[in-house]
Amino acid sequence: MAARPPQDDAEEPDTLAFGIAALDDRLDRADLTFPADADETVRALGDPDVPYDPSGRSMALSAALERVERERFDSEDELLDALHPVFEERRQSGPTGLLDRLRSLF
């Protein structure tokens, strides 16, 4: 998933990646071969905080992998498919009150 960031800074990228799109970018740059297990994945990527919504809220990759029912992934697509519901659930359970929404903007 991706959302357009505010247009006030010309040096910012055109889109802000979050969820599996943000993780896919990191996987493309990592030295990780499949099949791989969760521990290998975390080591190869350095356990990054992965943004799961456009406001930049994030969770550690290791925490996301703990919520997945499998330990080993035969391909990058399998890994991303397994993590998608984790990030989506976290995104949907985001701030619901007015103050929480205002805080997420800043």
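Look up: the structure comes first, before these words.
Attention here is on the structure that accompanies the text.

Here is what the cut-offs are and how they apply
- Residues numbered from 1 in each chain as written.
- Predicted model: local features only at pLDDT ≥ 70, side-chain atom pairs only at ≥ 80, totals over all residues.
- Heavy atoms only, no water.
- Axes fitted to C-alpha atoms, helices over the stretch in contact; angles between N-to-C directions.
- Helix = DSSP H or I, 4+ residues; strand = E, 2+ residues; numbered from the N terminus.
- Parallel < 35°, antiparallel > 145°, perpendicular 65-115°, else oblique.
- Left-handed = near helix turned anticlockwise from the far one by under 90°.
- Contact = heavy atoms within 4.5 Å.
- Nonpolar A, V, L, I, M, F, W, Y, C, P; charged D, E, K, R; others polar.
- Buried < 20%, exposed > 50% of the residue type's maximum accessible area, 1.4 Å probe, protein only.
- Arc of directions from axis to C-beta.
- Polar contact = N/O pair within 3.5 Å; in protein donor to acceptor, adjacent residues only side chain to side chain.

Look at helix H1 (residues 20-29) against helix H4 (residues 76-92): their axes get within 10 Å of each other, and the N-to-C directions meet at 150 degrees. What the angle tells us is that H1 and H4 run roughly antiparallel. By crossing handedness, the relation of H1 to H4 is classed as right-handed. Here Ile-20, Leu-23, Asp-24, Leu-27 and Asp-28 of H1 lie close against H4, whose contacting residues are Glu-76, Leu-79, Leu-80, Leu-83, His-84 and Phe-87. Per-class residue counts for the contact of H1 with H4 are 7 nonpolar, 1 polar and 3 charged.

On to helix H2 (residues 38-45), then. Every buried residue of H2 is accounted for by Ala-38, Thr-41, Val-42 and Leu-45. Taken end-on, H2 shows its buried residues confined to a sector of 95 degrees, consistent with a single buried face. Where H2 is buried, its residues contact H1, strand S3 (36-37), helix H3 (61-66), strand S6 (72-73) and H4. Among the residues of H2, the N-terminal cap falls to Asp-37, whose side-chain oxygen and the backbone nitrogen of Asp-39 are separated by 3.1 Å. Just beyond H2, the residue with positive phi is Gly-46, at close to 80 degrees.

Between Phe-34 and the following residue, Pro-35, the backbone shows a cis peptide bond with an omega angle of 5 degrees. Relative to the elements of secondary structure, Pro-35 occurs in the loop between H1 and S3.

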